Amino acid sequence: QVQVVESGGGLVQPGGSLRLSCAASGSIFSIYAMGWYRPAPGKQRELVARITSGSSTNYADSVKGRFTISRDNAKNTVFLQMNSLKPEDTAVYYCNADARTSVVAPREDYWGRGAQVTVSS
């Protein structure tokens, strides 16, 4: 199995910054991509930012220019630097790892339990 653990959430004032971290561990054969998601109206979760093992990234339009995702492949860790935070960024942020546990196992999504980010004055 693969365990995914987030850290770094908290309370910040509008315009402030936070950095989230996420580490994947366990029986990992390969991780293809890692990303951050948050709940959205009408959806279970929406993509916030995602990065592949080749460092290709994509972002939700609402966070482009403010959030930056990065990855340490050697440590199976991904980071989300969040700047110029807005009250509407308040959410539980869930980390996802798109991974395989062996050469014959299928790719699966593994989720963390979430990190609360609250943007409020």
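All values reported here derive from a predicted model rather than from experimental measurement.

J.: Explain unusual backbone geometry to me, using residue names and the numbers behind them.
T.: Unlike most non-glycine residues, N76 shows phi in positive territory, near 50 degrees. Here N76 lies in the loop between β7 (67–72) and β8 (77–82). A relative accessible area of 22% places N76 in the partly exposed class. The backbone of S84 shows a phi angle near 50 degrees, a positive value even though the residue is not glycine. Residue classification places S84 among the partly exposed positions, given a relative accessible area of 41%.

J.: Summarise the pattern of salt bridges; cite the residues concerned and give the values.
T.: Opposite charge on two side chains lets them pair, provided their charged atoms get close. Counted under the stated rule, the structure contains six salt bridges. With its nearest N and O atoms 3.2 Å apart, the salt bridge here joins R38 to D89. Taken together, the residues R38 in strand β4 (residues 30–40) and D89 in the loop between β8 and β9 (91–100) connect sequence positions 51 residues apart. For D89, a relative accessible area of 1% gives the class buried. The partner of R50 in a salt bridge is D98, with the nearest N and O atoms 3.8 Å apart. A residue pair is termed long-range when its members are at least 10 positions apart, and R50 in strand β5 (residues 43–52) and D98 in strand β9 qualify at 48 residues. On the basis of relative accessible area, D98 is assigned to the buried category, the value being 9%. Taken together, the shared-partner salt bridges connect R38, E46, R66 and D89 into one network.

J.: Any details on the packing of aromatic side chains? Residues and values, ideally.
T.: A full pass over the atoms with the stated rule returns one aromatic pair. Between Y37 and W111 the ring centres are 5.1 Å apart and the planes differ by 70 degrees, which places this aromatic pair in the edge-to-face class. Taken together, the positions of Y37 in strand β4 and W111 in strand β10 (residues 108–111) put the pair 74 residues apart, joining distant regions of the chain. Look at W111 and you get partly exposed, because its relative accessible area is 35%. The ring of F79 carries the charged tip of R19 above its face, separated from the ring centre by 4.1 Å.

How each quantity is defined
Residues numbered from 1 in each chain as written. Predicted model: local features only at pLDDT ≥ 70, side-chain atom pairs only at ≥ 80, totals over all residues. Heavy atoms only, no water. Helix = DSSP H or I, 4+ residues; strand = E, 2+ residues; numbered from the N terminus. Buried < 20%, exposed > 50% of the residue type's maximum accessible area, 1.4 Å probe, protein only. Salt bridge = Lys/Arg side-chain N within 4 Å of Asp/Glu carboxyl O. Phe/Tyr/Trp six-rings, centres within 6.5 Å; stacked < 30°, edge-to-face > 60°. Lys NZ or Arg CZ within 6 Å of the ring centre and 35° of its normal.

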